[in-house]
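# Report on the structure
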Amino acid sequence: MEVILLEKMRNLGALGDKVKVKPGFARNFLIPQGKAVYANKDNLAKFEVRRAELEKKAALNHQKALDRQQAINALAAITIAVKAGDEGKLFGSIGTRDIVEALHKAGADIEKREIRLPAGALRMVGEYDITVELDSDVTATVKVNITGEV
C-alpha cells in the first residue's frame, strides 16, 4: 500500500515521500495518527497545496527539538538512588518512567516515549548513557548514575 508521509519518520522517509508500507501499518498507525494519507490523485493534490504549511511546521518542530537538545546536553549527570544488593544488582529495575521523573526534577522537559533503552530496563548499579530522541533526527544524551542504598 502506498502512502504520502505528512511528516519525517525515522526509518521510513521524509515529508512528502511516497512510500510503500504494509496495509495494517498504514490503517492502524500512520493514517489515524495523521502521519500519512493514502497515495491517490486527490490526496496528492491536497498535499501539494498544504506542502508549505507542513514544511513550516516541521521546521518549527525541528528548531524546538534543537533547543531542547542543548538544554538536555547541558544537564549534569542525573543520580538515582535505589535499593541494591551486595553485588550491585538492583531490587527491581530502573525504567523509562523513573528516568523521566528524575529528569523532570532536574528541570528537563522530557516525555516517556522519547527515552530509548535498547537493552531494556537498567538492573545494575553504575553509570549509563541514555539516549533521548527528541525528533526523527535530533537526539540528546543524558548520563544517569544509579547508586545503591542500603
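The preceding data block contains the structure.
Residues numbered from 1 in each chain as written. Predicted model: local features only at pLDDT ≥ 70, side-chain atom pairs only at ≥ 80, totals over all residues. Heavy atoms only, no water.

Here we take up unusual backbone geometry. Within the chain, Asn11 stands out as a residue other than glycine whose phi angle is a positive 65 degrees. By the element assignment, Asn11 lies in the loop between strand S1 (2-5) and strand S2 (18-20). (Helix = DSSP H or I, 4+ residues; strand = E, 2+ residues; numbered from the N terminus.)

Opposite charge on two side chains allows them to pair when their charged atoms are near. Scanning all chains against the criterion turns up 11 salt bridges. Between Lys8 and Asp137 there is a salt bridge, and its shortest N-O distance comes to 3.2 Å. In this pair, Lys8 is assigned in the loop between S1 and S2 and Asp137 in the loop between strand S8 (126-135) and strand S9 (138-149), connecting sequence segments 129 residues apart. Residue class for Lys8 comes out partly exposed when judged on its relative accessible area of 43%. Among the salt bridges present, the one from Arg10 reaches Glu133, with a minimum N-O distance of 3.1 Å. (Salt bridge = Lys/Arg side-chain N within 4 Å of Asp/Glu carboxyl O. Buried < 20%, exposed > 50% of the residue type's maximum accessible area, 1.4 Å probe, protein only.)

Taken in spatial order, the 4 strands make up an open sheet running S4-S9-S8-S6, and their pairing is mixed. In the strand order of this sheet, the two ends are held by strand S4 (78-83) and strand S6 (115-116), each with one partner. Relative to S9, S4 is paired through 6 bridges, and the arrangement is parallel. By the bridge assignment for S9, Val82 is matched with Gly148. Sheet strands touched by helix H2 (residues 41-73): S8 and S9. Its angle to S9, the strand with the most contacts, is close to 30 degrees. Of the strands in this sheet, S4, S6, S8 and S9 are in contact with helix H3 (residues 96-106), which crosses S4 at around 130 degrees. (Pairing = 2+ DSSP bridges. Contact = heavy atoms within 4.5 Å. Axes fitted to C-alpha atoms, helices over the stretch in contact; angles between N-to-C directions.)

A few words now on the nonpolar core. As a rule of thumb, nonpolar side chains are buried together in soluble globular proteins. Residues Ile72, Ile94, Ile99, Leu103, Ile110, Ile115 and Leu134 are the most contacted members of the largest nonpolar core, which totals 25 residues. Mapped by element, the contributors of at least two residues to this core are H2, S4, strand S5 (89-94), H3, S8 and S9. Ranked by residues supplied to this core, first place goes to S9 with 5 residues. For Ile115, the residues in contact, after removing those within four places along its chain, are Thr96, Ile99, Val100, Leu103, Ile110, Ile130, Thr131 and Val132. Counting residues in each nonpolar core, the second largest holds 8 residues, with Val3, Leu5, Val19 and Ala36 among its members. (Core = buried A, V, L, I, M, F, W, Y, C linked by side-chain atoms within 4.5 Å.)

A few words on the side chain of Lys35. As for its placement among the helices and strands, Lys35 is situated in the loop between helix H1 (23-30) and strand S3 (36-38). Judged by relative accessible area, Lys35 falls into the buried class, the value being 17%. Engagement of the side chain of Lys35 in a polar contact is seen with the side chain of Glu7, the distance being 3.1 Å. Those residues within four positions of Lys35 in sequence are excluded, and the remaining contacts are Ile4, Leu5, Leu6, Glu7, Met9, Phe29 and Leu30. (Polar contact = N/O pair within 3.5 Å; in protein donor to acceptor, adjacent residues only side chain to side chain.)

Let us look at the layout of surface pockets. By volume, the largest pocket is sized at about 1,000 Å³. Along its surface, the largest pocket is lined by 26 residues, and Glu7, Lys8, Lys35, Asp135 and Ser136 are the ones closest to its centre. Those elements that provide at least two residues to the lining of the largest pocket are H2 and S8. Among the elements that take part in the lining of the largest pocket, H2 stands out by supplying 9 residues, more than any other. For the lining of the largest pocket, a count of residues per class yields 8 nonpolar, 4 polar and 14 charged. (1 Å grid on protein atoms, 1.4 Å probe; cavity = no way out; pocket = protein on both sides within 12 Å on 5 of 7 lines; lining within 4 Å. Points joined across faces, edges and corners; volume = space filled by probe spheres on them. Nonpolar A, V, L, I, M, F, W, Y, C, P; charged D, E, K, R; others polar.)

Here we take up the environment of Asn11. For Asn11, a relative accessible area of 72% corresponds to the exposed category. Sequence separation between Asn11 and Ser136 is 125 residues, and the spatial gap between their C-alpha atoms is 8.9 Å.

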